[in-house]
Each structure stands twice: as structure tokens, then as C-alpha cells.
There are 2 protein chains.
Amino acid sequence: MSRGVWFPSLGLLAWLCCLTLGPVEGGKVLVVPVDGSHWLSMKILVKELSERGHEILTLVPETSMLIHGSESFKTEVYPVPFTKAELDGKFNELRDGVFLKPPKVTDLFINLQRLVNFTTVQVTACESLLNNQPLMGRLREGGFDVLLTDPFLPCGSVLAHIFNIPAVYFLRGLPCEMDLKANQVPSPRSYIPVAFSGNTDIMTFPQRVKNMLMSFLESYMCRMIYAHFDDLARKYIGDDMTYSKLLSNGAIWLLRYDFTFEWPRPLLPNMVFIGGINCGKKSPLPADLQEFVDGSGDDGFIVFTLGSLVSSMPMEKAKQFVDAFRQIPQRVVWRYTGDLPKDLPKNVRLMKWLPQNDLLAHPKVRAFITHGGTHGIYEGICHAVPMLMFPLFGDQGDNVHRMVARGVAVKLGIYDVTTESLLAGLNTIIHDKSYKENIVRLSEIHLDRPVPPLDLAVFWTEFVIRHKGAEHLRVAAHDLNWIQYHSLDVIGILILIIITFLWMTLKCCLFCTRKCCGRGTPKKKKE
Amino acid sequence: MSRGVWFPSLGLLAWLCCLTLGPVEGGKVLVVPVDGSHWLSMKILVKELSERGHEILTLVPETSMLIHGSESFKTEVYPVPFTKAELDGKFNELRDGVFLKPPKVTDLFINLQRLVNFTTVQVTACESLLNNQPLMGRLREGGFDVLLTDPFLPCGSVLAHIFNIPAVYFLRGLPCEMDLKANQVPSPRSYIPVAFSGNTDIMTFPQRVKNMLMSFLESYMCRMIYAHFDDLARKYIGDDMTYSKLLSNGAIWLLRYDFTFEWPRPLLPNMVFIGGINCGKKSPLPADLQEFVDGSGDDGFIVFTLGSLVSSMPMEKAKQFVDAFRQIPQRVVWRYTGDLPKDLPKNVRLMKWLPQNDLLAHPKVRAFITHGGTHGIYEGICHAVPMLMFPLFGDQGDNVHRMVARGVAVKLGIYDVTTESLLAGLNTIIHDKSYKENIVRLSEIHLDRPVPPLDLAVFWTEFVIRHKGAEHLRVAAHDLNWIQYHSLDVIGILILIIITFLWMTLKCCLFCTRKCCGRGTPKKKKE
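Residues numbered from 1 in each chain as written. Chains lettered and ligands numbered in written order. Predicted model: local features only at pLDDT ≥ 70, side-chain atom pairs only at ≥ 80, totals over all residues. Heavy atoms only, no water.

Details of the state of the cysteines
Then, number 1: All told, the structure shown has six disulfides over all chains when counted by the stated rule.
Then, number 2: Disulfide pairing is shown between B:Cys176 and B:Cys222; the S-S distance is 2.1 Å. On the S-S bond that ties B:Cys176 to B:Cys222, the torsion sits near 85 degrees, and the link is right-handed. A residue pair is termed long-range when its members are at least 10 positions apart, and B:Cys176 in the loop between strand S5 (167-171) and helix H7 (178-182) and B:Cys222 in helix H8 (residues 205-236) qualify at 46 residues.
Then, number 3: B:Cys176 sits in the buried class, given a relative accessible area of 8%.
Then, number 4: Residue B:Cys222 is classed as buried on the basis of its relative accessible area, which comes to 8%.
Then, number 5: Lacking any disulfide linkage, A:Cys512 is separated from the closest cysteine sulfur, that of A:Cys508, by 6.4 Å.
Then, number 6: The class for A:Cys512 is partly exposed, based on a relative accessible area of 43%. (Disulfide = S-S within 2.5 Å. Helix = DSSP H or I, 4+ residues; strand = E, 2+ residues; numbered from the N terminus. Buried < 20%, exposed > 50% of the residue type's maximum accessible area, 1.4 Å probe, protein only.)

Focus: the UniProt feature "transmembrane region" (unreviewed entry) in chain A
Then, number 1: UniProt feature "transmembrane region" (unreviewed entry): in the numbering of this structure it lies at residues 490-513 of chain A.
Then, number 2: As a span, residues 490-513 of chain A carries 100% helix and 0% strand, and end to end its C-alpha atoms are 34 Å apart. (UniProt positions renumbered as here; feature names shortened; annotations may be inferred.)

Observations concerning helix H14 (residues 396-405) of chain A
One turn of an α-helix holds 3.6 residues; hence residues three or four places apart share an orientation.
Residue and element names in this part refer to chain A.
Then, number 1: All of the buried residues in H14 are Gln396, Asp398, Asn399, Val400, Arg402 and Met403.
Then, number 2: Buried residues belonging to H14 abut helix H13 (374-382), strand S12 (387-389), strand S13 (409-411) and helix H16 (433-447).
Then, number 3: Downstream of H14 by one or two residues, Gly407 has phi in the positive range, about 70 degrees. (Contact = heavy atoms within 4.5 Å.)

Some points on the pattern of salt bridges
Then, number 1: Overall, the coordinates contain 42 salt bridges over all chains when judged by the stated rule.
Then, number 2: For A:Arg234, the salt bridge is made with A:Asp231, and the minimal N-O distance between the two is 3.0 Å. Taken together, the residues span about one helical turn, with A:Arg234 and A:Asp231 both in helix H8 (residues 205-236) at a distance of three residues.
Then, number 3: It is possible to trace a salt-bridge network through shared partners that takes in A:Arg52, A:Glu462, A:Arg466 and B:Asp448. (Salt bridge = Lys/Arg side-chain N within 4 Å of Asp/Glu carboxyl O.)

Overview of the packing of aromatic side chains
Then, number 1: With the rule as written, the count across this model stands at 42 aromatic pairs over all chains.
Then, number 2: Judged by centre distance (5.7 Å) and plane angle (80 degrees), the ring pair of A:Phe325 and A:Trp334 falls under edge-to-face. For the pair A:Phe325 and A:Trp334, a shared accessibility class is recorded, and that class is buried.
Then, number 3: With a centroid separation of 6.2 Å and 55 degrees between ring planes, the pair formed by B:Phe321 and B:Phe325 is classed as tilted. Highlighted residues: B:Phe321 and B:Phe325, both in helix H11 (residues 315-326), separated by four residues, approximately one helical turn.
Then, number 4: Given a relative accessible area of 0%, B:Phe321 falls into the buried group. (Phe/Tyr/Trp six-rings, centres within 6.5 Å; stacked < 30°, edge-to-face > 60°.)

Observations concerning the nonpolar core
Burial of nonpolar side chains together is a common tendency in soluble globular proteins.
Then, number 1: Ranked by size, the top nonpolar core spans 210 residues in total, and within it A:Leu148, A:Leu254, B:Leu148 and B:Leu254 carry the most contacts.
Then, number 2: Ignoring anything within four residues of it in the chain, the contact list for B:Leu148 reads B:Val29, B:Leu30, B:Val31, B:Val32, B:Met42, B:Leu45, B:Val46, B:Leu49, B:Val168 and B:Phe170. (Core = buried A, V, L, I, M, F, W, Y, C linked by side-chain atoms within 4.5 Å.)

Overview of the domain arrangement of chain A
All names here are of chain A.
Then, number 1: You can read the domains of chain A as domain 1 (24-279 + 452-479) and domain 2 (287-447).
Then, number 2: Taking only C-alpha atoms into account, the centre of domain 1 sits 28 Å from that of domain 2.
Then, number 3: Contacts between domain 1 and domain 2 engage 32 residues on the former and 34 residues on the latter.
Then, number 4: Regarding the contact of domain 1 and domain 2, the summed buried area is about 2,900 Å², with carbon and sulfur atoms giving 63% of it.
Then, number 5: In terms of surface lost to domain 2, no three residues of domain 1 exceed Phe99, Thr260 and Phe261, which account for 29% of the buried area on that side.
Then, number 6: Our count for the contact surface shared by domain 1 and domain 2 stands at two salt bridges.
Then, number 7: Residues Arg402 and Glu262 are paired through a salt bridge, measuring 2.6 Å at the closest nitrogen-oxygen approach. (Domains from an automatic or database assignment. Buried area = accessible area lost by both parts, 1.4 Å probe.)

Topic: the pairing of S5(B)
Residues and elements named next belong to chain B.
Then, number 1: The buried fraction of S5 is high, at five of five residues.
Then, number 2: Burial of the side chains of S5 extends over both faces: Ala167, Tyr169 and Leu171 are buried on one face and Val168 and Phe170 on the other.
Then, number 3: Sheet analysis places strand S4 (residues 146-149) next to S5, joined by three bridges and oriented parallel. Among the inter-strand pairings, Thr149 is bridged to a residue of S5, identified as Tyr169.
Then, number 4: Handedness of the crossover joining S4 and S5 through helix H6 (residues 155-163) is recorded here as right-handed. (Pairing = 2+ DSSP bridges. Right-handed = clockwise from strand over helix to strand, strands pointing away.)

Things to note about the packing of helix H2 (residues 37-51) of chain A against helix H17 (residues 453-467) of chain A
Residues and elements named next belong to chain A.
Then, number 1: Following both chains from N to C, one finds H2 and H17 inclined at 65 degrees, their axes separated by 10 Å at the closest point. Here the hand of the crossing between H2 and H17 comes out right-handed. Contact with H2, carried on its side by Ile44, Leu45, Glu48 and Leu49, involves Leu454, Ala457, Val458 and Thr461 of H17 and no other residues of that element.
Then, number 2: Across the contact of H2 with H17, the residue classes tally to six nonpolar, one polar and one charged. (Axes fitted to C-alpha atoms, helices over the stretch in contact; angles between N-to-C directions. Left-handed = near helix turned anticlockwise from the far one by under 90°. Nonpolar A, V, L, I, M, F, W, Y, C, P; charged D, E, K, R; others polar.)

This is how it looks when you write it as C-alpha cells:
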């Protein structure tokens, strides 16, 4: 059986006809985005919703990196109490040192502190929005049908609760699995690897012990990361509110998940998988870039970028890359804005920002050098490009680990990379056929879905608009506390009943024995 | 925002184009069905697969109730060691007594024994297939790409394993949740009601205690029900095989589930929801029936059937119904083959078999009197018809309980039904507007899905053909035993380490104390 693709049958039309409902009417959508790469994929959905006739209002902090106005949707800019330089400083903190220091276990805590610093600044931005009475008044009167937000930051969920609008979440996942915890998704620690554990879904006994210990650590980290979010929720909603409780009100979770990349795991009905939403649409390349990659001959070309946050590196490190590129027959398109040796080889083209998805879709691309962000990984999977990966921080270590485990990538450390290891890595992913074969197989499975992810995201957002939520998909677990959820109270009472029963049986036996002995003793006494 | 429906956007076309894969080629599908109403919905998928160019071979036991040959697909009839009369006898046993005896707690065990008797006979049919060497030889050489079966009976899974063909399961659910257990789906007992418990997903503390106790009972029942299946698996596959293990190999579980009917619950990625697959396609009514229901005026008509197994009842019981129907303005279409009083009112039309879905789709239908089988319920939901329900046996009690909890049905007992209670029930569901409003809301949500269930079932069956399974959706939990899955070994070792640590600390403290005291004692002695 050769591979094929599903074509919607006549049943689809029959189904649609039998509904006899009216056409989609435009809804009012309030968008509360998160800056950086988070916005890049959410923007795709926002634009699509706008094109489908929905009225969009996007709230944009006046100091932002990638969120700007657009012709396709309205934006409302609100003042925040920090400057672009301060914001950049916080972002820079996140990536600091990865090029110069060898990775250490303590990095986890340093990165955690940096993440908390970063989100704390963002929480102040949210406060200034919530305290902005004129704007809040206008939003309250806005009559929005749905609020679309990335719950990586809390402002969207707070607004949804205050304005009583159903929320659709758009995310890849939250630090320390807060998304899964808040949505009451079971995560058995015996086969669901904890972040940063270095485990896959198949673990030896020591790995499972490590996984369990890391899950305790994760709970501690959770408290640290979300302390400010909890404060915000309490301050603006009520004393008994926490961020987890707030998140649990989400009607639909649009997750940039796909099981060609994630380990298969338990789910809940309100989780919708839209992994790869960022590689659905292609645009033509700029003419000069098109010419450069078209002219790469049979050897093809390599795409090299370390993500939206990292576009430079120390000169010495960059030299290792340049020296390696000098020795390969492939051309290289490199997103780079830092300093470089003067004798840059002709096969290298530098760019300040590159059309990553469109380049990876080119038939002559041979390899993708990436930091292991999820956008790049999904684009690599979509277009079946083997990867050379340099995880830098955050979830990237786990992401890379997964792709290496699937035999579609080679991992190198950015701290100790050399020209030789680079050449060896590139040689492996380009010339060892198994990498290409594995990524082609992964790509075929990834693309073979009943509904493309963007259409699925649109469908469920519109579903929430049509039905004012998705209450029928919400599990009753949300009404239980931890003890009730795990039935510890029930188990406790059953054990108590059993113990009482055993104790009473024992007492009865003892009583009977005493009676028998009692009858005997007087006789003995008599004797 | 008025209700609407999703239209596939241009993104769908872009997605399909970007795949650049060939058209679907016909696969070879071996179908191992289960008789009775199970076959009615599976047949829809089998026919659709055949129409889409797949080569189908359906294995039919020579003694069967509803599985017959078809023009759309090939069948292979195999001999079985029982007659039609014996089979009917087993079916009759299942429904025996429901009209004449009040329901009792012990019915659970009686019905369990009857179910075991019924499936035991079916297991012998399977054995005669497996021992049929000429047929088995032909099947082995058949080069099938996928095996489609209903795992309510074990033969399909055994064949899939023996022939090493990926299996697609088509079912609503198995007794004692064997499907969920075998597929490693988490079912927290705190909000997932156990069958026959009478609970919903929201339980009080006593209800949760009952739920937990019932789950222990369920485990015992599981062992009874599947003992013969385990024997069969061991005999034909190997000593370490069980039915649960065999089932766990299923690539895709096509579940006749929808959360307008089921309580929301944890899922796994290889579960696909196709609830309502039986109401996607409508056919025109026979002319005389069309005339009868068209002529029912503003009062409309009622559809009355107690399922494919029950088409008669004791005369006295039937008289209660006839007397009630005599007093209502609605017409009644009744599937009935038993004895009746002679003066049948003119508003009642008897039929040996009725086109249930087509009747429920008629705009003049006002109510549906049903036993609460899942096919009828989904058809009732699809076409938004309030129900008067008489649960008879099996899962029907739980099904009815769910519809009553959703405010779309009234439940009556078939044992103690009277003309008065019937009239009151019909009056409620027809004239209390809330029933119609609730079922319309449920129907809108049920129909509002990104892909119609039949197309979804076809897609995933073809997916398994294209990719020779769906391994990427299979959780790693299948490789763990019960202790490992629940991390009891890990928790044990951690407790042991903590106890050892505490014990050593205590010992050290005691040692130090003794040292100190030891130094003191001689002094004292000296003194």
C-alpha cells in the first residue's frame, strides 16, 4: 500500500447539509498575546480569524519586541512601566552565558530565577493594563465573544475572568506543566518524563526514581514561578483565587502538540492539537535569496538560525562555524547580526532575519542547524529536514533530546563545539541516509491528519463563539480537591472500616475465649 | 452570535496540495464483525470503505442474526457449532424476565452469568474458525493491510495477532471497561462513574465510596467475563497471552463516543470519537410510512422501539401502551411483532422493523420511546428528539441515567409501567419545553464537529493502512506492569531510603548521647 492522503468524502457535504444552520457570522475576539516567538504562531491564527470575518482587537504593550500593528486586525496599545532597553535586558539575561560556560546542574536554578525576573516584569505590565480604567471600561463594553490568549503570562486569563468571556488558550506548554496540572490532565510519572530529567517515555528503574524526584522538584519550582501570578489573581479577582484555578476555566486549549514530536500521553477532551500550525502556509522567497539557494547545485544548502532571541555569538565561537562552512560544499543561509572574521567564505549568506519556513520548504535544503525551539522543529518535521541541534535554554534541551531519540537529529553543545565536531555532525545528518529516512517518515505521519492545524484552531475558536464555551468537554475533576481527586478520603474510610471490623472481630474472639476460659477458671479454683 | 457551522477554509486545500502525495489506493481490509446491533453501525463504515475502493472481506458465521452478504463487499461464511435456534435462545436469555420481575440488585449477577453464557458460545464459533485450516490458509495468504473488528468478541484480535495485521477496533465500549483498561486509559474513580453504580461524574462522598466499592466488584466481574477469552488467547497464541494484552495491540480505537452523551474523561491519543456515525446518512421513508407520518398534523408522531433484540412483550404490558396511545393526539410508529388487543387504535402503525434514523429525522416527530441503546440515543440526539426511556438490560440503565441527568429524557420502568405513568411521561417530554430546548442544544453541540464521524473513521482506518499502524500514538505504559505503572516500586524505594536515613540519624544521635552519657557515668561512678 503506497502512501496517500485523505480526501473529504461526500459524507462531509451530507453532514454539512444535514445541519441546515446558517453561515458563520463574525464574532468579536479579544486577543491578549505574549511577546517573542510565542506571538509568531498565534499571529497566524489571529490573521486567519480576521480573514474569516471576525472582529479582532489585540492588546499590545507599548514596549514589545515582535507584536506590532497590522492591517488585518485592530490593535490597542497600552503603556507599560518599562522601556525597550529594560525588556531587552531581561531577554538577554535569559540567554546569557550559554556560549561561554559549560552547562551545569545549577543552571536550572539560575535559569529559573531569570525566568521569574522576566515574568515579574511582565506582571507589572499586566497591572498597568488592569489599572488603566479608561481602557478597561472600553474593553468591558466591547461585547467580546471569546478571549484568545497565551497563558504563559497571566493577563489574558485575568481579563477573561473579570469580563466573564470564555477563554481559548493558545500555547505549546507552560513551565513545570502548569497547563496540564491546571486542566487536571493525568501524568503518570512512570512513563511521562519530567522536564529537564533527560528521560524519554521508556525509563529504567533508576530513571523512574530520578523522574519521581524531579517531579517533587518541579512542584517546588511551580510555586516559585507562579507566585507573582497567584498574587495578581488574588489582587484583581479574590482571595481564594490562584493562577491554577484561573487557568482551569479555559474552554479550549489549543496546544502546539503533535505526537511525532511529543511522547504519547493521556489527554482531556478540551485539548486540541495544532502542532505544525506555523508551517501550513508558504510564501515565495525574496528574489536574491531564491537565486542563492537555487544555485546551490546538487549539494544543496543549509539553514542556520538560533531562534528569534539569539542572533549573535562571541567572535571565537563564530569562527568555528565559519571555518566549518568553508570546508563544506553546501551553501549556508545564516541568521546572524554579530561580529565575524573578515574572510567570510562565498558559500555563506548572512541575514538579519530569515524566512525559516519558506527556506526549509525548498527542495534543495539538506540540513537545518537550530537551537531546538518548537517552531523550528515543527518546520523541520513538516519539510522533512534533518537537524543539527544546539540547545541553549528553556525547553530546548528536552526538545532536542526527543528529536535525537527519534533518529532525526544530532545534538552538539554550543559551549564546546569545534570546527571538527561541526563537520562531523553535518556529515552525519547529510550523508547517513537513516536521518533523512527517519525524518521523511516522521513528516509523512505529521502531515497526515484529518484537518490541518490552522483550520482546527479556527474551528474550535469559532465553536467557543457559537456555544459560549465548551462546557461539555470540561471534566468534573475541577470540582475536587487533591485528596478527593486521588480518592484518599474514600480509601481512608474503607481502611478505617476494615480495621474497625477486624478489631471488633478480634474483640469478639477474645471475649468468647475469655468466656470459655472464664468457665474453666472457677472450676480450677474450686479444684 | 448566532449558531453557525464550520466551512473548511482555503487552508485545507493548501494543506492537501502541500502534501504532494498520491491519491488513496485501495487497501485490503479483513472485517471480523460482531452480530446484533454492533454490526448495524460497523456496516456503515465497511460500506463506505468499500465505496472508496478498498477490497473488503467480511467473515460471517453461518448462524447469524443480522450479518448477511452484501453487494458492496465480499463475505466468507464459516461453519459454527450451533444452530440459529440455539443462538436465539442465548439472545432471549439476555432479555428474559425484564417485563415480569421488578429489578433487583442480584440481576447484575444473573445478567453477568447470561452474558458469559452468550460469549462462551461465541468463543466456540471463533474456535471453529481458527481450526478451519483451509480458510485460515486463504486468509493468511490474503495480504490484508488492516483488520477491522469489534473487540466485544475476541476472534478479530486473535486473527490480527496471528496474521500480524494492524487492528482497528470499532466499538462503543466493553463490559467492565476492558477497552479502557487494556488501552491504559486513566479512569480516576473520583469522577469517572463505574457502570451500574447509578452515579454521574459529580458525586457526593457516599457516592464516591460506592463508586470505589463497585470498581472492586467490576474487577471481579472482569475476570469472570473474560476468562474464556483469556483461555482462547492462551490456546492460540501463547501461555503468557491474555485478552487484555491482546487488545492492547490495537492501533486505533474507533469509539462510538461523544461528550454530549458520555461524561468527559481522560483519553489517549489513539482513541478516535465517532459517536453518531449511525445518523450521518438519511434515506427516504417507504411511501406508505411517509404518508402516515406526514399526515400526523400539528400533533406529530412518536417513534416507539425497544431495540433490535426486543420486538414483543406480554399482552398485559402491551395493553398498557395501547391504552395510553388511544388517549393521545399523536400518531405512533411502533416496532412490534407480538400479540396485541384486537381494538388497536387508528393512530398506531405496527412495523416488524422500522427505519429508526429516517423516522427520527422527520420534522413532525415529537418523542422517541426507546430502551436506551446507544444507536437510538445518538439518533435521538442527532435529530433533537426528547425521549421516554425504558432501560431493559446491559448498559441501558447507565445510558438512560445520563440522558435523564441532561434533562432530555424521562425514565420509566418497564416492569411497573402503567397507562397513567406512560401518559404522564409522554406529556412531560412533549409539552415541557425544557426537554426540547435541552435536546436541541445537545444536538447542536453534537453535530458541530470539525469532521463528520464516518469520515473520521474512514480517515483513521486508511491512516493505519498507509502507515502500517499508528505506533506514534501508543503510550509507553503498555510496557509497564501494574506496580511500575503506579510507581509503587519507586515510592517503596524512596520510603526505604527515608526510613534508613532516619534510622541511621537516630542511631548516630543515640551513639553520641551514649558517648556523652558514657563520659559522665564513670565520673558519677567515681563520685
